[in-house]
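# Structure assessment
Each chain is listed here by its residues.
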Amino acid sequence: MAEWDYEIFWKETMTQIQTELGEQEFSIWFINLEYIKAAEKSITAAVPSSFYRDQIKSRYQNLIENKLKELTGKELTIEFEVVPRDKAADGQKSPEALPNNSEKNPVSGKNTPPAAGTAAAGSAPAGAARKKDRHPQLREDYTFDKYVIGENNNFAANAALAVAKNPGVTYNPVLIYGGVGLGKTHLMQAIGNYIHTNSESKIIYISAETFTNEFIQSTQENKMTAFKNKYRYVDALLIDDIHFLQKKIGTQEELFYTFDALYNAKKQIVFTCDRPVSELKDITERLRSRFERGLNVDLQPPNYETRCAILKNKIEALNANVPDEVIELIGKNVSTNIRDLESALTKLNAYAKLMGRPMTIEIAQQQLKDVFASPRQTNMSIETIQRVIAEEKDLTINDLKGPKRTAKIVLARQLAMYIAREITEYSTTELGQAFGGRDHTTVMHSCQKIEESIRADPTMDSTIESLKRMIKEYNAKS
Ligand code: ADP
Ligand code: MG
């Protein structure tokens, strides 16, 4: 068989893609892609896991093939072969083949559990060859390479990676906001893990709640100096869930000074919050302005495709055997957030293990019946409600989510919120989030408005009832 060598074209393709996509995106997906061999009409490249392969295929296969065609003038297809890095490196068996086992991947760094230990001296980036203890406050599995990127979190993830690579320089501070279970803590800790792995920086990760408690305790025990020293002399300060600071004026003051000390010293600060800063209540204006400085990025709920990709990733990490149709079933039925996706999978996996049975679609349906039936899930999504009401009122879903305040839109929006409150179990915070990131008090206010009009206008009740009927019909069909 003739040997075909397209490696030079491959290299040029990679160089061009790197320029086009930029360093961050490229380093997430392409660093782990390696040319192996070629035939007349195809090139085979190594990927470190099937998860990577699927992601690369869906995102970049066309791009790569088009570039190759431009360069070679031939229609070359690209094939991917899963070559777990561990095996390639030292022949050891790895329990999983996730890309974090690669010593070349700057995204994953050296956050692998010690057991995997593959980093061959010499091939690792300078200064990172030795193994490093994990950071005491950070979960070792909250790394970039375990963070699946979809359109819902693309921007946030890239920003986080940029920050991790150049702490204190690129964006400062960074605030990541979004609803519960959407990956804020994971992303924040990925920044911490990355910096920890690649430098000697001093990093503190702390929840706003613990920060508050420590602050109160240190004032009571006259240990303010120690407290100040602890937080004002770090290289990166990661504070999770700052919405907790609402009304905590004393802690806010302290954080304000901590912020300025770190900011002026060009130290990295990262915050997370469950809502946009503009919707925080009882926060001093000067602290709010600090939160808003730098970059604010949001995380949205993942779409179906990303949900399936996340499930596949988790399954690989669990080393479980789950048929595609089961993945699709969960992906379709669990649409709220990633935490819910994980718990559905964990439940199913535990059952299958316990019973010593392979996971089938029947078992999944049976075991996850309650999860799927929960009104939080697609059974009745907020989007269905928005869709039906928008259609009925001759508006678009974006009208309902957006900022416009014409009487017609305001009424439709209030109706949608009121009905969602009645027929789903979403909290007002979640509903606010689904209506363009509004505050939960806006949702409460809308519900009150509708209740008032029901009292004032006897026809209102039947309007609402018929809308509810239409929504339920639509939902049953879809
Ligand atoms: P939040 O802090 O926003 O409530 P977390 O960061 O705790 O959410 O995420 C909830 C769970 O979902 C965690 O186990 C996390 O690892 C996982 N997760 C979130 N986003 C992703 C993602 N994009 N890819 C893989 N796992 C994710
Ligand atoms: Mg969190």
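Look above for the structure.
Computed from a prediction, not measured in an experiment: that's the story for all the values here.

### A short note on unusual backbone geometry
In this structure, Pro173 follows Asn172 across a cis peptide bond, with omega equal to -5°. The residue Pro173 is located in the loop between helix 5 (154-165) and strand 4 (174-177) in this model. Of note in the backbone geometry, Asn222 takes a positive phi value of approximately 55° without being a glycine. Of note, Asn222 is situated in the loop between helix 7 (208-220) and helix 8 (224-232).

### Things to note about the nonpolar core
The biggest cluster of nonpolar side chains holds 76 residues, and the ones touching the most others in it are Trp10, Phe30, Leu33, Ile64, Phe144, Leu187 and Ile330. Listed in part, the 29 residues of the second largest apolar core include Leu395, Phe435, Ile454 and Leu467.

### With respect to the site of ligand 1
Around ligand 1 sit 17 residues in total, of which Gly181, Lys184, Thr185, His186 and Glu342 are the nearest. Between an oxygen atom of ligand 1 and a side-chain N or O atom of Thr185, the distance comes to 2.8 Å. Within the side chain of Glu342, a nitrogen or oxygen atom sits 2.8 Å from an oxygen atom of ligand 1. Sorting the residues of the shell around ligand 1 by element identifies helix 6 (184-198) and helix 13 (338-355) as the ones contributing at least two each. Its residues assigned to classes, the shell around ligand 1 shows 6 nonpolar, 6 polar and 5 charged.

### Remarks on the sheet that holds strand 8 (residues 295-298)
Read across the open sheet, the 5 strands follow the order 5-6-7-4-8; overall the sheet is parallel. Among the strands making up the open sheet, the edge pair consists of strand 5 (203-207) and strand 8. Across the sheet, the mean angle separating the axes of adjacent strands is 15° when strand polarity is ignored. Bridge count between strand 4 and strand 8: 4 bridges; the pairing is parallel. By the bridge assignment, Val174 is partnered in strand 8 with Leu295.

### Section: helix 8
Taken as a whole, helix 8 has its buried residues at Met224, Phe227 and Tyr231. An end-on view of helix 8 places all buried positions within 60° of arc, on one side of the element.

### Quick notes on the packing of helix 7 against helix 8
In the contact formed by helix 7 and helix 8, the axes pass within 8 Å of each other and the chain directions differ by 145°. On helix 8, the residues that touch Phe211, Glu214, Phe215, Ser218 and Thr219 of helix 7 are Met224, Phe227, Lys230 and Tyr231.

### Concerning the pairing of strand 6 (residues 236-240)
Among the 5 residues in strand 6, 5 count as buried, and that is most of the element. Of the two faces of strand 6, the one holding Ala236, Leu238 and Asp240 and the one holding Leu237 and Ile239 are both buried throughout. The pairing of strand 5 with strand 6 spans 5 bridges and is classified as parallel. Looking at the pairing, Ser207 lines up with Asp240 of strand 6. Handedness of the crossover joining strand 6 and strand 7 (residues 268-273) through helix 9 (residues 249-264) is recorded here as right-handed.

### Digging into the environment of Trp29
One can find Trp29 in helix 2 (residues 23-29). Taking relative accessible area as the criterion, Trp29 reaches 4% and is therefore assigned buried. Taking the C-alpha atoms as reference, Trp29 lies 9.6 Å from Asp145; in sequence the two are 116 residues apart. With sequence-adjacent residues up to four places away left out, Trp29 is seen in contact with Tyr52, Gln55, Ile56, Arg59, Tyr60 and Ile149.

### A look at empty space enclosed by the protein
For the coordinates displayed, the defined rule picks out 2 cavities of 30 Å³ or more. The volume enclosed by the largest cavity comes to roughly 90 Å³. Taken together, 10 residues form the lining of the largest cavity, with Ile28, Phe144, Asp145, Tyr147 and Ile149 sitting closest to its centre. When the residues that make up the lining of the largest cavity are grouped by side-chain class, the tally is 9 nonpolar, no polar and 1 charged. The volume enclosed by the second largest cavity comes to roughly 40 Å³. The residue inventory of the lining of the second largest cavity, partitioned by class, reads no nonpolar, 4 polar and 4 charged.

### Describing the side chain of Ser42
Within the element layout of this structure, Ser42 appears in strand 2 (residues 42-47). With sequence-adjacent residues up to four places away left out, Ser42 is seen in contact with Leu76, Thr77 and Glu79.

### Topic: a negative patch on the surface
Together, Asp324, Glu325, Glu328 and Glu362 give the surface a local cluster of negative charge. Among the elements that take part in the negative patch, helix 12 (residues 324-333) stands out by supplying 3 residues, more than any other. Among the structural elements, Asp324 can be located in helix 12. By relative accessible area, which is 47% here, Asp324 ends up partly exposed.

### Focus: the sheet that holds strand 1 (residues 34-38)
In a beta sheet, neighbouring strands pair by backbone hydrogen bonds and run either parallel or antiparallel. Pairing is mixed across the open sheet formed by 3 strands, whose spatial order is 1-2-3. Every other strand in the sheet has two partners, leaving strand 1 and strand 3 (77-82) as the edge strands with one partner each. Each strand of the sheet is rotated relative to its neighbour by a mean of 30°, with strand direction disregarded. Bridging between strand 2 and strand 3 involves 6 bridges; their strand directions are parallel. If you follow Ile43 over to strand 3, its bridge partner there is Ile78. Running over the sheet, helix 1 (residues 7-21) touches strand 1, strand 2 and strand 3 and is turned about 150° from strand 1.

Definitions and limits used
- Residues numbered from 1 in each chain as written.
- Chains lettered and ligands numbered in written order.
- Predicted model: local features only at pLDDT ≥ 70, side-chain atom pairs only at ≥ 80, totals over all residues.
- Heavy atoms only, no water.
- Helix = DSSP H or I, 4+ residues; strand = E, 2+ residues; numbered from the N terminus.
- Core = buried A, V, L, I, M, F, W, Y, C linked by side-chain atoms within 4.5 Å.
- Buried < 20%, exposed > 50% of the residue type's maximum accessible area, 1.4 Å probe, protein only.
- Near = heavy atom within 4 Å.
- Polar contact = N/O pair within 3.5 Å; in protein donor to acceptor, adjacent residues only side chain to side chain.
- Nonpolar A, V, L, I, M, F, W, Y, C, P; charged D, E, K, R; others polar.
- Pairing = 2+ DSSP bridges.
- Axes fitted to C-alpha atoms, helices over the stretch in contact; angles between N-to-C directions.
- Arc of directions from axis to C-beta.
- Contact = heavy atoms within 4.5 Å.
- Right-handed = clockwise from strand over helix to strand, strands pointing away.
- 1 Å grid on protein atoms, 1.4 Å probe; cavity = no way out; pocket = protein on both sides within 12 Å on 5 of 7 lines; lining within 4 Å.
- Points joined across faces, edges and corners; volume = space filled by probe spheres on them.
- Patch = residues over 30% accessible without salt bridge, like charges linked within 9 Å, V, L, I, M, F, W, Y side chains within 5 Å.
- Areas by Shrake-Rupley, 256 points an atom, 1.4 Å probe, with all protein chains shown as cover.
- Salt bridge = Lys/Arg side-chain N within 4 Å of Asp/Glu carboxyl O.
- Lys, Arg positive; Asp, Glu negative; His and termini not counted.
- Charge placed at Lys NZ, Arg CZ, Asp CG, Glu CD.

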